[in-house]
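The residues making up each chain are set out below.
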Amino acid sequence: MSVIYRPKKIRVVAIPIAAAVMVLFTVLSFGLKGSAGFDNSGSFQRGDQAAMIGLGVLIGLGVLAFLRPRVIADEEKITIRNVVGGYELPWSVVRAVRFDRNSPWAQLELHDEEQVSIHALQAADKDYAVEGVRTLRKLHSAAVEA
């Protein structure tokens, strides 16, 4: 059995924000006309407009990076991909799957006292995140007993 979890509510927020940023920078780029200073020493060109649109696209893609988190788990290992970085760990190095009361996301507690955040299971997703943590705990228990 293999399971995949991704955050849900962040999609509702990140996608419209990314689209709005790209549209805003595109609209602003069309306003770049005329002189570029108090002393009329320069003027905006088409390249400046294109750069503004490109900047909007880059910022929009940066916002979409928050959609990156994912956790994939099976009987042998757990693979975590967070906004930045990721981990592939066998269940044997995991002591517990935790989701503390005021924590923004679930965590793995490892045998060497380290903790690994699981951004894919966020407190904002409520029941979905709780179901994910319960499933990961079952997989962990099954792997430890085997």
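Residues numbered from 1 in each chain as written. Predicted model: local features only at pLDDT ≥ 70, side-chain atom pairs only at ≥ 80, totals over all residues. Heavy atoms only, no water.

### Regarding helix α2 (residues 46–64)
Consideration 1: For α2, with 19 residues, the first-to-last C-alpha span of 27 Å sits near the 27 Å given by 1.5 Å per residue.
Consideration 2: Among all positions in α2, only Gln49, Gly56, Gly60 and Val63 are buried. Axial view of α2: buried residues confined to an arc of 55°, hence all on one face.
Consideration 3: For α2, the elements touching its buried residues are α1 (9–30). (Helix = DSSP H or I, 4+ residues; strand = E, 2+ residues; numbered from the N terminus. Expected span 1.5 Å × (residues − 1). Buried < 20%, exposed > 50% of the residue type's maximum accessible area, 1.4 Å probe, protein only. Arc of directions from axis to C-beta. Contact = heavy atoms within 4.5 Å.)

### Thoughts on the pairing of strand β2 (residues 70–73)
Consideration 1: Here β2 shows one buried face, formed by Val71 and Ala73, and one open face, formed by Arg70 and Ile72.
Consideration 2: Strand direction decides the pairing type here: strand β1 (residues 3–5) and β2, joined by three bridges, are antiparallel. Paired with Ile4 across the strands is Ile72, a residue of β2.
Consideration 3: Between β2 and strand β3 (residues 77–81), which pair antiparallel and follow one another directly, the connecting turn spans three residues. (Pairing = 2+ DSSP bridges.)

### Description of the UniProt feature "domain: Low molecular weight protein antigen 6 PH" (unreviewed entry) in the chain
Consideration 1: In the numbering used here, UniProt assigns the feature "domain: Low molecular weight protein antigen 6 PH" (unreviewed entry) to residues 68–137.
Consideration 2: Helix makes up 16% of residues 68–137 and strand 47%, and the two end C-alpha atoms of the span are 23 Å apart. (UniProt positions renumbered as here; feature names shortened; annotations may be inferred.)

### A look at the pattern of salt bridges
Consideration 1: Per the stated rule, a full pass over the model turns up five salt bridges.
Consideration 2: Notably, a salt bridge pairs Asp100 with Arg98, separated by 2.5 Å at the nearest N-O pair.
Consideration 3: Look at Asp100 and you get partly exposed, because its relative accessible area is 35%.
Consideration 4: For Arg98, a relative accessible area of 24% puts it in the partly exposed group.
Consideration 5: Among the salt bridges present, the one from Glu109 reaches Arg98, with a minimum N-O distance of 3.1 Å. Separated by 11 residues along the polypeptide, Glu109 in strand β6 (residues 105–110) and Arg98 in strand β5 (residues 94–98) bring together distant segments of the chain.
Consideration 6: The exposure class assigned to Glu109 is buried, which follows from its relative accessible area of 15%.
Consideration 7: Bridged by salt links that share partners, the residues Arg95, Arg98, Asp100, Glu109 and Glu113 form one connected network. (Salt bridge = Lys/Arg side-chain N within 4 Å of Asp/Glu carboxyl O.)

### Comments concerning the pairing of β6
Consideration 1: The buried fraction of β6 is high, at five of six residues.
Consideration 2: Counting the residues between successive antiparallel strands, the hairpin from β5 to β6 contains six residues.
Consideration 3: In this sheet, strand β7 (residues 115–122) lies alongside β6 in antiparallel orientation, the contact comprising five bridges. Within β7, the position partnered with Ala106 by the bridge is Ile118.
Consideration 4: Taken together, β6 and the strand that follows it, β7, pair antiparallel across an intervening segment of four residues, in which Glu113 is found at a positive phi of about 70°.

### A word on the environment of Leu55
Consideration 1: Residue placement: Leu55 occurs in helix α2.
Consideration 2: Counting along the chain gives 34 residues from Leu55 to Val21, while the straight-line C-alpha distance between them is 9.6 Å.

### Observations concerning the sheet that holds β5
Consideration 1: Strands sit in the order β5-β6-β7 across an open sheet of three strands; the sheet is antiparallel. Pairing within the sheet leaves two strands with one partner each, and these edge strands are β5 and β7. Neighbour to neighbour, the strand axes of the sheet diverge by 20° on average, direction disregarded.
Consideration 2: Relative to β6, β5 is paired through four bridges, and the arrangement is antiparallel. (Axes fitted to C-alpha atoms, helices over the stretch in contact; angles between N-to-C directions.)

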